[in-house]
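Close look at the chain arrangement
What follows is each chain in one-letter form.
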Amino acid sequence: ALHMPSHIFTRVGYWQESIDSNIASVRAAKEGKESADELHAMDYEVYAYLQLGQDARAKAVIDDMMTVPVSSETFLAAAYALAASPARYVVERGDWKGASALEVRPSPLPQITAISWFAKGLGAARSGDTAQAQAAITQLVTLRDQLREKKDVYWSEQVDIQSRIATAWVQLAMGQQEEALKTMGDAADAEDKTEKHPVTPGQLAPARELYGGMLLQVGKPVEALAAFEATMRKEPNRLNATLGAANAAAASGDGAKARQYYTAAIALASDASVVRPEVAQARAFLASAK
């Protein structure tokens with residue numbers, strides 16, 4: 001009862017309300033010795049902190065998560081939270097070296113192991129280590145095939161999308177720009193057609209958001225802006241999508257939209273603890289625009 005409102009808060013981007021809901025939920029679950037519920041609520045809490053740029057608070061929750069006793073590695077909510085939150089922490093912050101060095105959390109559930117490999121593959125590709133990224137993609141394909149053999153349609157498709165995203169960034173790193181954009185666009189289309197599973201507050205990074213980042217990187221800011229705006233319609237108040245839209249608008253010469261989205265990003269990341277460079281750049285843009 002304490003946690004479930006945060007599912008709604010997450011879908012509409014009410015991050016502080018989600019944090020408050022989950023702090024209460026974690027306390028109740030701990031008192032009731034319900035470790036899976038505790039971890040599930042903590043994962044949602046981490047997600048919300050990251051959308052406000054409060055990275056130190058997110059990291060503190062993750063550190064606490066690692067001390068929670070787990071009775072079963074096959075209970076999806078607990079297993080997912082323990083794999084996703086550390087991966088989410090590096091991917092959301094664009095710490096690609098950290099993502100590539102992420103320790104793979106072993107699990108009897110292929111979709112859980114895939115979370116770590118996806119973060120590692122994406123991080124390696126975006127760090128320029130295509131060999132390590134290819135190795136991660138191989139792992140993802142193996143895990144996808146295991147899920148297909150189990151006739152697990154939903155999770156096999158999710159892992160397939162993860163492998164396609166990592167592949168797209170490898171292609172870009174190898175100079176195959178058109179192939180990369182097509183692969184990334186196809187992955188975003190596939191993800192848009194699937195429902196979010198209740199176990200997760202959201203993807204480590206939405207495929208459409210990553211597509212926007214790729215478009216911006218290759219000098220297509222107008223298309224990038226459209227991708228970021230599409231992400232925000234589906235995932236309101238995501239900090240990275242908002243900053244991406246602002247950067248794309250600025251690069252495409254749309255000063256009004258750039259100011260609109262930079263202002264929105266600064267409102268999200270208004271806490272004094274926020275130290276992300278992208279937020280500092282947003283503040284600088286708005287200061288220079290006065």
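Right, let's walk through the structure included here. (Residues numbered from 1 in each chain as written. Predicted model: local features only at pLDDT ≥ 70, side-chain atom pairs only at ≥ 80, totals over all residues. Heavy atoms only, no water.)

**Some points on the overall build of the protein chain**
We count it as follows: Going along the chain from the N terminus, every DSSP run of H or I of four or more residues is numbered as a helix, and every run of E of two or more is numbered as a strand. Only C-alpha atoms enter the radius of gyration; for comparison, a globular chain is expected to reach 2.2 Å times N to the power 0.38, where N is the number of residues. Note on exposure labels: buried denotes an accessible area under 20% of the residue type's maximum, exposed denotes more than 50%, and partly exposed covers the range between, all computed with a 1.4 Å probe on protein chains only. Residue contacts are counted whenever heavy atoms from the two residues lie within 4.5 Å of one another.
Helices and strands together make up the secondary structure of the protein chain, namely 15 helices and 0 strands. Expected size for 290 residues packed as a compact globule is a radius of gyration near 19 Å; at 18 Å, the protein chain falls within 12% of this value. C-alpha extents for the protein chain along the principal axes are approximately 55 × 40 × 30 Å. Looking at the protein chain residue by residue over its 290 residues, the buried ones come to 53%. The contacts of the protein chain with a sequence gap of at least 6 include a subset with a gap of at least 24, amounting to 62%.

**Quick notes on the pattern of salt bridges**
To keep it simple, the criterion reads: By salt bridge we mean one thing: a side-chain nitrogen of Lys or Arg within 4 Å of a carboxyl oxygen of Asp or Glu.
Applying the stated rule across the entire model yields 19 salt bridges. D192 is the salt-bridge partner of R208, the closest N and O atoms lying 2.6 Å from each other. With R208 in helix α11 (residues 207–217) and D192 in helix α10 (residues 177–192), this pair connects stretches of sequence that are 16 residues apart. With a closest N to O distance of 2.8 Å, K257 and E229 form a salt bridge. Placement of K257 in helix α14 (residues 255–268) and of E229 in helix α12 (residues 221–234) is noted, with a sequence separation of 28 residues between them.

**Remarks on the packing of helix α1 (residues 5–12) against helix α3 (residues 35–51)**
Stated formally: Axis lines are fitted through C-alpha atoms, for helices just across the contact stretch, and the angle between N-to-C directions can take any value from 0 to 180 degrees. Note that the term roughly parallel is reserved for angles under 35 degrees, roughly antiparallel for angles over 145, roughly perpendicular for angles of 65 to 115, and oblique for everything else. Crossing handedness follows the turn of the near helix against the far one: under a right angle anticlockwise gives a left-handed crossing, and clockwise gives a right-handed one. Note that Gly is not counted as nonpolar here; it falls among the polar residues with everything else outside the nonpolar set of Ala, Val, Leu, Ile, Met, Phe, Trp, Tyr, Cys and Pro and the charged set of Asp, Glu, Lys and Arg.
At their nearest, the axes of α1 and α3 sit 11 Å apart, and the two run at 25° to each other. By the criterion of interaxial angle, the relationship of α1 to α3 is roughly parallel. By crossing handedness, the relation of α1 to α3 is classed as left-handed. From α1, S6, H7 and T10 reach across to α3, where they touch H40, Y44 and Y47. Considering only residue class, the contact of α1 with α3 consists of 2 nonpolar, 4 polar and no charged.

**Remarks on the side chain of S25**
Here S25 lies in helix α2 (residues 15–31). Once residues within four sequence positions are removed from consideration, S25 is found in contact with L2, H3 and A41.

**Side note on the environment of Y154**
How we decide: Between N or O atoms, a polar contact is any pair within 3.5 Å; within protein, one atom must be a potential hydrogen donor and the other a potential acceptor, and residues adjacent in sequence are included only when both atoms are from side chains.
Here Y154 shows up in helix α9 (residues 153–173). Y154 sits in the partly exposed class, given a relative accessible area of 24%. When the C-alpha positions of Y154 and T200 are compared, they lie 13 Å apart, and in sequence the two are 46 residues distant. With near-sequence residues (within four places) excluded, Y154 lies in contact with E195, K196 and H197. There is a polar contact of 3.1 Å between the side chain of Y154 and the backbone nitrogen of H197.

**Notes on the nonpolar core**
Operational definition: Residues belong to a common nonpolar core when they are buried Ala, Val, Leu, Ile, Met, Phe, Trp, Tyr or Cys residues joined through side-chain atoms within 4.5 Å.
Membership of the largest hydrophobic core comes to 96 residues, with the highest contact counts inside it found for M65, I165, W169 and M184. The contact partners of M184, leaving out residues within four places of it in the chain, are I165, A168, W169, A207, L210, Y211 and M214.

**What to know about helix α13 (residues 239–251)**
The cut-off we apply is this: For a helix, the expected span equals 1.5 Å multiplied by the residue count minus one.
For α13, with 13 residues, the first-to-last C-alpha span of 18 Å sits near the 18 Å given by 1.5 Å per residue. On the buried face of α13, the contacting elements are α3, α11, α12, α14 and α15 (277–289).

**A look at unusual backbone geometry**
Phi angles above zero are rare outside glycine, and K151 is one such case at about 60°. Structurally, the position occupied by K151 is in the loop between α8 (130–149) and α9. Of the residues examined, K151 reaches a relative accessible area of 71% and is grouped as exposed. With phi around 65°, N237 is a residue other than glycine that occupies positive phi space. Residue position: N237 is located in the loop between α12 and α13. Given the relative accessible area of 33%, N237 is considered partly exposed.

**So, α9**
Residues three or four positions apart in an α-helix share a direction because the helix packs 3.6 residues into each turn. Between its first and last C-alpha, α9 extends 31 Å over 21 residues, near the 30 Å set by a 1.5 Å rise per residue. A large share of α9 lies buried, amounting to 15 of its 21 residues. Positive phi shows up at G175, right after α9, with a value of about 85°.

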